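Understanding the architecture of this molecule
This is what each chain is made of:
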Amino acid sequence: MTTKFAITLNSSGDWEPWIELAKSHATAQRIWEYVNPENPQRIYLSEPTIPTTDTVHQLLRSERTSTLAPSIPLSESSEAEDPPAPPPRPRRRGRPPNNPVPQGDNDEDADPPPPPAPQGPTDTEVEARLKIENIRYKHAYQLYSHQQQAFNVLPTIIQNSVNRGYLQHTYNCDSAYEMLVSLKERVAPDDFATTLDVRMQYKHLSKPPKGQTLDTWVNKWEEIYQRGIKLNIPDVAAPNPHFDFLNAVENVLPDFYTVNQDLLLKQAQAGKVMDFPDLLNLFRNAKRMHQVKQGGRLLGGESAFTASLQKEPVSF
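Cut-offs and rules
- Residues numbered from 1 in each chain as written.
- Predicted model: local features only at pLDDT ≥ 70, side-chain atom pairs only at ≥ 80, totals over all residues.
- Heavy atoms only, no water.
- Helix = DSSP H or I, 4+ residues; strand = E, 2+ residues; numbered from the N terminus.
- Buried < 20%, exposed > 50% of the residue type's maximum accessible area, 1.4 Å probe, protein only.
- Contact = heavy atoms within 4.5 Å.
- Areas by Shrake-Rupley, 256 points an atom, 1.4 Å probe, with all protein chains shown as cover.
- Salt bridge = Lys/Arg side-chain N within 4 Å of Asp/Glu carboxyl O.

**Focus on the overall build of the chain**
- Within the chain, the regular secondary structure consists of 12 helices and zero strands.
- Of the regular secondary structure in the chain, the N- to C-terminal order runs α-α-α-α-α-α-α-α-α-α-α-α.
- When burial is assessed residue by residue, the chain has 30% of its 316 residues classed as buried.
- Considering only contacts within the chain whose residues lie at least 6 apart along the sequence, 66% involve residues at least 24 apart.
- Of the accessible surface of the chain, which amounts to about 21,600 Å², a share of 52% is contributed by carbon and sulfur atoms.

So this is what it looks like as structure tokens:
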């Protein structure tokens, strides 16, 4: 059983990955919709109702009534409220106007017979449907019990996953939802600060990696790109990140730079540039192939390929 998240909330910079871990955990337990701190107010979990003979009887009658009810097209609904008057019918020759019309001569004007009243369900039908509803209730109650247990455990997980200085923001909270709302108000950075942070990291990434492996550097590109898209930062709008990334790896993998620079120029002219994560995946594959040719190891520690690059830093 999970006792804490993989990331501890130590600062506002940890909020985004930390709340994503909380979301993943709560979603797996099927309770995120009840604890999401973005909700304007707390949503309570309702216990399923035990089905009875009376409730099943009402359910069957309701289903039959809705089935027998005539459906009126939307386009005709407004006309049904105030139908136009029918044109006067011509009189038949040889019959005085005040004489009653014999039965059967004007059948087309007769009102349609009312729809038959829905018949009540039989005892056999109610008994059979009650068995089905009881099975549904058992499944619903099992889910309800699981969710209640997850609700009870989540506050402890949250408190185990925050810095001691933030524990005070979880005190006197009646639920995990209130804890997350309290932490969000006091720890989560606002959009302006987050935008500045993402832009600064993006500019830093535009230089070749130093003191870290290429894999870590490329993964950071993808993370910052996704955050920039979420915040609608112009720097990460296509094709800006594509060419910025290629410029950063020009002296890392020259062949990769040359081939994809030409490809992206053609795509940009055509107005259809590949997704940026796809370009990162192309680079990952090209790096692996280069490592194999150079005898670089792919598992464990920093590869020989990356180490050799860092011995000769590239200046721009």
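**Some points on the pattern of salt bridges**
- All chains considered together, the criterion is met by 13 salt bridges.
- For Glu 125, the salt bridge is made with Arg 64, and the minimal N-O distance between the two is 2.5 Å. A residue pair is termed long-range when its members are at least 10 positions apart, and Glu 125 in helix H5 (residues 123-160) and Arg 64 in helix H3 (residues 53-68) qualify at 61 residues.
- Its relative accessible area of 26% is what places Arg 64 among the partly exposed residues.
- In this structure, Arg 284 and Glu 222 form a salt bridge, with 2.9 Å as the shortest nitrogen-oxygen distance. Here Arg 284 is found in helix H11 (residues 276-294), whereas its partner Glu 222 is found in helix H8 (residues 214-230), with 62 residues between them in sequence.
- The exposure class of Glu 222 is partly exposed, given its relative accessible area of 23%.

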